[in-house]
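Here's the letter readout for the chains.
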Amino acid sequence: RRITREKISGDTGRMSEYDLHTRARLSIDELREELAADRATGIESSKWFVEAVKDAETTIQRGLQLFPESSELLADEAAFRDVLNQTTAAQAALEKAFQLNPRQDWLAVRLARRYEEAGDFGKARDVLDKCLHDNPSSKAVYFAKGRNLIRSNGAPADVLANLRRSFSEGDNNYEAQFWFARELFAQGDFVGARRIFDAIHERAPGRFRNASTARLEDGSGNAVAKNGRIERLEEGYAFVSANPYPQLLFAPKGETDPIEWATLHSGAAVSFNVAFNRRGPMAISLILSRYQD
């Protein structure tokens, strides 16, 4: 472990996906041992526990910023969450550490996520607000709060205000930029969204958000159905027009049920969902519809 850590030490922003995955797994393994020792001895988690959580948290989140579709890093995030959920001592240690130093943004983000997983979005937001009071320049916390507000149906203006402060123009916080552009689109600023999506596609790493994700959803987490018309249909894709969107939406064949795709034709009225990748919005899950916006 010592040799491995020496080889992957340094700036996480310069690490490869594999390096980040390795560093995350190393921290998670060490954290498991620390928690096991705590349970065996009954001794309260040490300062080392907090450092191990910090290393795992910052490594995984940095990795997911750069490679949000990485199966390895997503598995690391799940494993990390499972480790912290195994004992109430871990929760208590996180809460105590945050009370002692609420300006630690990595800690606020992780603790808030724990509360969100328990369904307490208000308590999670309180943690993020307390951190921002002491650390008002933290982009990570503004991003976490913006996502929190999206999930809990917060005021649209507040969502945008927090996401806007989660990155700087031209930086490499591509995940934050992606969600800001998605929210602009959701709130009707199609020109602003297009500008940011174009910048992401030009500058982000090649593996960044190539798949369609982050669907537009209602307050219950269900995909929002939109109505439109197929303007052009080819073997592997279609283009869909729909109000109020000013541009045609690309609809890849692979994102629609094959049986439904076989029923489509140019000029057909369709119902669909909107999802996003690095290029911007796209139409997915197309089905024939009697209605037309």
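Residues numbered from 1 in each chain as written. Predicted model: local features only at pLDDT ≥ 70, side-chain atom pairs only at ≥ 80, totals over all residues. Heavy atoms only, no water.

1. What about the overall build of the protein?
Step number 1: Broken down by element type, the protein carries 12 helices and 5 strands.
Step number 2: Of all 293 residues assigned to the protein, the portion counted as buried reaches 47%.
Step number 3: Put simply, of all contacts in the protein between residues at least 6 apart along the chain, 60% involve residues at least 24 apart. (Helix = DSSP H or I, 4+ residues; strand = E, 2+ residues; numbered from the N terminus. Buried < 20%, exposed > 50% of the residue type's maximum accessible area, 1.4 Å probe, protein only. Contact = heavy atoms within 4.5 Å.)

2. Describing the pairing of strand β1 (residues 226-233)
Step number 1: One ladder, built from 4 bridges, connects β1 with strand β4 (residues 269-277); its direction is antiparallel. Paired with Arg 229 across the bridge in β4 is Ala 269.
Step number 2: As paired elements, β1 and strand β2 (residues 237-241) share 4 bridges and run antiparallel to each other. Considered in β2, the bridge of Leu 233 is made with Ala 238.
Step number 3: What sits between β1 and β2 in their antiparallel hairpin is a turn of 3 residues. (Pairing = 2+ DSSP bridges.)

3. Quick word on unusual backbone geometry
Step number 1: Here the bond from Asn 243 into Pro 244 is cis, since omega is 5°, no more than 30 degrees from zero.
Step number 2: If you trace the backbone, Pro 244 turns up in the loop between β2 and β3 (249-252).
Step number 3: Phi at Ser 285 is positive, roughly 55°, even though this residue is not glycine.
Step number 4: With respect to the helices, strands and loops of the structure, Ser 285 is situated in strand β5 (residues 280-288).

4. Considerations on the packing of aromatic side chains
Step number 1: Applying the stated criterion to the full structure yields 12 aromatic pairs.
Step number 2: Seen in terms of ring centroids, Phe 197 and Phe 276 are 6.0 Å apart; in terms of plane orientation they differ by 15°. Their pairing is stacked. On the criterion of sequence distance, the pair formed by Phe 197 in helix α11 (residues 190-203) and Phe 276 in strand β4 is long-range, its members being 79 residues apart. For the pair shown, Phe 197 and Phe 276 are each scored as buried.
Step number 3: Relative to Phe 239, the ring of Tyr 237 lies with its centre 5.7 Å away and its plane at 80°, an arrangement referred to as edge-to-face.
Step number 4: Residue classification places Phe 239 among the partly exposed positions, given a relative accessible area of 23%.
Step number 5: One aromatic cluster in this structure is built from Phe 178, Trp 179, Phe 185, Phe 190, Phe 197, Tyr 245 and Phe 276.
Step number 6: Lying over the aromatic face of Trp 179, Arg 147 brings its terminal NZ or CZ to 3.7 Å of the ring centre. (Phe/Tyr/Trp six-rings, centres within 6.5 Å; stacked < 30°, edge-to-face > 60°. Lys NZ or Arg CZ within 6 Å of the ring centre and 35° of its normal.)

5. Some words on the environment of Ala 157
Step number 1: Structurally, Ala 157 is set in helix α9 (residues 156-164).
Step number 2: Under the relative-accessibility criterion, Ala 157 is labelled exposed at 55%.
Step number 3: Once the C-alpha coordinates of Ala 157 and Gln 187 are considered, the two residues, 30 residues apart in sequence, prove to be 9.2 Å apart.

6. Looking at helix α6 (residues 105-117)
Step number 1: A rise of 1.5 Å per residue sets the reference length of α6, with its 13 residues, at 18 Å; its end C-alpha atoms lie 18 Å apart and thus fit the reference within 8%.
Step number 2: The buried fraction of α6 amounts to 10 of the 13 residues, a majority that puts the element mostly inside the structure.
Step number 3: Among the residues of α6, those classed as buried are Trp 106, Leu 107, Ala 108, Val 109, Arg 110, Leu 111, Ala 112, Arg 114, Tyr 115 and Glu 116.
Step number 4: Just past α6, the residue Gly 119 takes up positive phi, approximately 85°. (Expected span 1.5 Å × (residues − 1).)

7. Quick word on the pairing of β4
Step number 1: Of all 9 residues in β4, 9 are buried; the element is thus mostly enclosed.
Step number 2: The alternating pattern of β4 places Ala 269, Ser 271, Asn 273, Ala 275 and Asn 277 and Val 270, Phe 272, Val 274 and Phe 276 on opposite faces, both of which are buried.
Step number 3: Across 7 bridges, β4 lies against β5 in antiparallel orientation. Looking across to β5, one finds that Asn 273 is bridged to Ile 284.
Step number 4: Between β4 and the antiparallel strand that follows it, β5, lie 2 residues.

8. Digging into the side chain of Arg 110
Step number 1: Relative to the helices and strands, Arg 110 is located in helix α6.
Step number 2: A relative accessible area of 0% means that Arg 110 is categorised as buried.

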